[in-house]
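# Structural features, examined
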Amino acid sequence: MKKAVFEDFDRYADIRREIEYSRKFGVNYTRERSMPEQFIHRLHPDRLRLRVSEIREETPSARTFRLIPEHSPLPPFLAGQYISLSVQTGGIVTSRPYSIASPPNQAGFWEITVQRVASGLVSNYLLDQVRPGDLLQSSGPCGHFYFNPLFHDPDMVLIAGGAGVTPFMSMIREITQCGLDRRIHLFYGNRTLQAALFHAELTALAARFENIRYVPVIEDPSPEYQGRNGLITKELIKETLGTMAERTFYVCGPQGLYDFCIPELERLGVQRRKIRTEVYGPPVEVSQCPGWPPQISPDQVFSMNINDRESIPARAGQPMLTSLEKAGVTLKALCRSGECSMCRVRVVSGKVFQPPGVAVRRSDRQFGYVHSCMSYPLEDLKIEL
Ligand code: FES
């Protein structure tokens, strides 16, 4: 048979495979609009069973997992949102949020990219033990870190560090694959070029699409590296962008990136409402946070009484949610960053520390509720679940 001309196109086989996934596992939700209950459940499923169909190595310490639905079709999502994976490892049931890196137009699968964290319970489990064919449990898509055409400028400045580039991959892939009218300026910081995820894909997309600009910034480059080095400074941002007007800034990465880049943007006159930040989990060392009482050692262990029944040990330097999980008490938790409110508990007595910037609703504060994922015991506690 004669070879079809498209078979010579770049990524022809990949694209065919992606279309097949979408045909097999994707769904057209518009037909279900007349059946509200079914429609809502499909859009916001409580739990999903996902099968790992493929694992790709991105860098020596990061892999992409392609996940396909086991029973029900995948709900739609917005580029930039995350899912919360629940796993059982190290004798506990716990969860971690991972941004979806594949674009929403690929309806038949999701991809997440997992970067190894030195003592990361879940990242090490996923990278070392999960294989193609395994089943994982996930939440539906969640989070507020996405482009909203009503409020955000179509000129998008993305500032990423390390694995923080993953939600931006979903945005960039959607824009390029669907031909959306948005402009991207991506500043992507890494210690070395080898650690930069998706570097080849981003370089190729920037060369091919006029509306994609990619600026890798390497902190510790090799002598032959020709690109930008150092940090993502206000000088670099100013020189690259010229004006800051009519642009929305998105920041995602490790805590150090927020601590450095947000003040840099503010020095350039960017208003805080123009800067959108992705949630980034509990601080690495909570005792280094402003306001931590110096007389409390993070290794001090207090007692946490639950519902006036059992008491469990709770280390000061560990989020209450982790202490509960270690004691076999599993709470619903999506973001683990104080954003989704799913892990709320009521503190009946005792003092807790909440790092600066953790938002708690006024009514929650009034009735003693805290987000257990971002609260640390400072004395013996009594809590209600
Ligand atoms: S898990 Fe989202 S607020 Fe705690």
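Here is what the cut-offs are and how they apply
- Residues numbered from 1 in each chain as written.
- Predicted model: local features only at pLDDT ≥ 70, side-chain atom pairs only at ≥ 80, totals over all residues.
- Helix = DSSP H or I, 4+ residues; strand = E, 2+ residues; numbered from the N terminus.
- Rg over C-alpha atoms; globule rule 2.2 N^0.38 Å.
- Contact = placed C-beta atoms within 7 Å.
- Buried ≥ 20, exposed ≤ 12 C-beta atoms within 10 Å, placed from the backbone.
- Domains from an automatic or database assignment.
- Pairing = 2+ DSSP bridges.
- Axes fitted to C-alpha atoms, helices over the stretch in contact; angles between N-to-C directions.
- Core = buried A, V, L, I, M, F, W, Y, C linked by C-beta atoms within 7 Å.
- Expected span 1.5 Å × (residues − 1).

Of regular secondary structure, the protein chain possesses nine helices and 19 strands. Here the C-alpha atoms of the protein chain give a radius of gyration of 22 Å, agreeing with the 21 Å that 2.2 N^0.38 yields for 385 residues. In terms of its C-alpha atoms, the protein chain occupies a principal-axis envelope of roughly 75 × 50 × 40 Å. When contacts within the protein chain are restricted to residue pairs at least 6 apart in sequence, long-range pairs at least 24 apart make up 68% of them.

It is worth spelling out the environment of leucine 78 at this point. Along the polypeptide, leucine 78 turns up in the loop between strand S2 (62-69) and strand S3 (82-89). Residue leucine 78 is classed as partly exposed on the basis of its 18 C-beta neighbours within 10 Å. For the pair formed by leucine 78 and lysine 382, sequence separation is 304 residues and the distance between their alpha carbons is 39 Å. Here leucine 78 is in contact with Pro104 and Tyr146, once residues within four sequence places are set aside.

When cut into domains, the protein chain gives domain 1 (5-138), domain 2 (155-277) and domain 3 (286-384). Taking the mean C-alpha position of each, domain 2 and domain 3 sit 34 Å from one another.

So, on to the pairing of strand S14 (residues 311-315). In this structure, strand S13 (residues 301-306) lies alongside S14, joined through five bridges in antiparallel fashion. Within the sheet, the bridge partner assigned to valine 301 lies in S14 and is arginine 315. Hairpin geometry of S13 and S14 is characterised by an intervening segment of four residues between the two adjacent antiparallel strands and by a positive phi of about 55 degrees at asparagine 307.

A word on unusual backbone geometry. Most of the time, phi is negative for any residue but glycine, and the peptide bond is trans. Its identity is not glycine, yet phenylalanine 198 carries a phi of approximately 60 degrees, on the positive side. When you line up the elements, phenylalanine 198 lands in the loop between strand S8 (183-190) and helix H5 (199-208). Its 23 C-beta neighbours within 10 Å are what place phenylalanine 198 among the buried residues. The phi torsion at serine 341 lies on the positive side, around 70 degrees, for a residue other than glycine. Here serine 341 is to be found in the loop between helix H8 (320-326) and strand S15 (344-349).

Our next topic: the sheet that holds S15. One open sheet accounts for five strands, arranged S14-S13-S19-S15-S17; its pairing is mixed. Taken across any chain shown, the strands that pair with only one partner, and hence form the sheet edges, are S14 and strand S17 (369-371). Between one strand axis and the next, the sheet turns by 40 degrees as a mean value, whatever way the strands run.

On to the sheet that holds strand S4 (residues 92-99). Overall, antiparallel pairing links the six strands, which are arranged S4-S3-S6-S1-S2-S5 in an open sheet. Each edge of the open sheet carries a strand with a single partner, namely S4 and strand S5 (110-115). Strand after strand, the sheet turns through a mean of 40 degrees between neighbouring axes, direction not considered. Sheet topology places S3 next to strand S6 (residues 135-138); two bridges connect them, and they run antiparallel. Pairing of serine 86 across the sheet is with glutamine 137, part of S6. Of the strands in this sheet, S2, S3, S4 and S5 touch helix H3 (residues 121-129), which is tilted by about 80 degrees from S3.

With that settled, consider the nonpolar core. Leu158, Ile159, Phe168 and Leu186 are the most contacted members of the largest nonpolar core, which has 56 residues in total. No fewer than three residues from each of domain 1 (5-138) and domain 2 (155-277) sit in this core. Among residues more than four places away in sequence, those in contact with isoleucine 159 are Phe187, Ile232, Phe249, Tyr250, Val251 and Cys261.

Along strand S19 (residues 381-384), the buried face is formed by Leu381 and Ile383; none of Lys382 and Glu384, which line the opposite face, is buried. Bridge count between S13 and S19: three bridges; the pairing is parallel. Across the sheet, isoleucine 306 pairs through a bridge with isoleucine 383, a residue of S19. Both S15 and S19 contribute to a ladder of three bridges, which runs antiparallel. Residue arginine 346 lies in a different strand from S19, and its bridge partner there is glutamate 384.

Let us look at helix H7 (residues 255-267). For H7, spanning 13 residues, the distance from its first C-alpha to its last is 19 Å, which sits close to the expected 18 Å at 1.5 Å a residue. Looking at H7, one finds that the buried residues are Leu257, Tyr258, Cys261 and Leu265. For H7, the secondary structure elements touched by its buried residues are strand S7 (155-161), S8, strand S11 (248-252) and strand S12 (275-277). One or two positions beyond H7, positive phi appears at glycine 269, with a value near 90 degrees.

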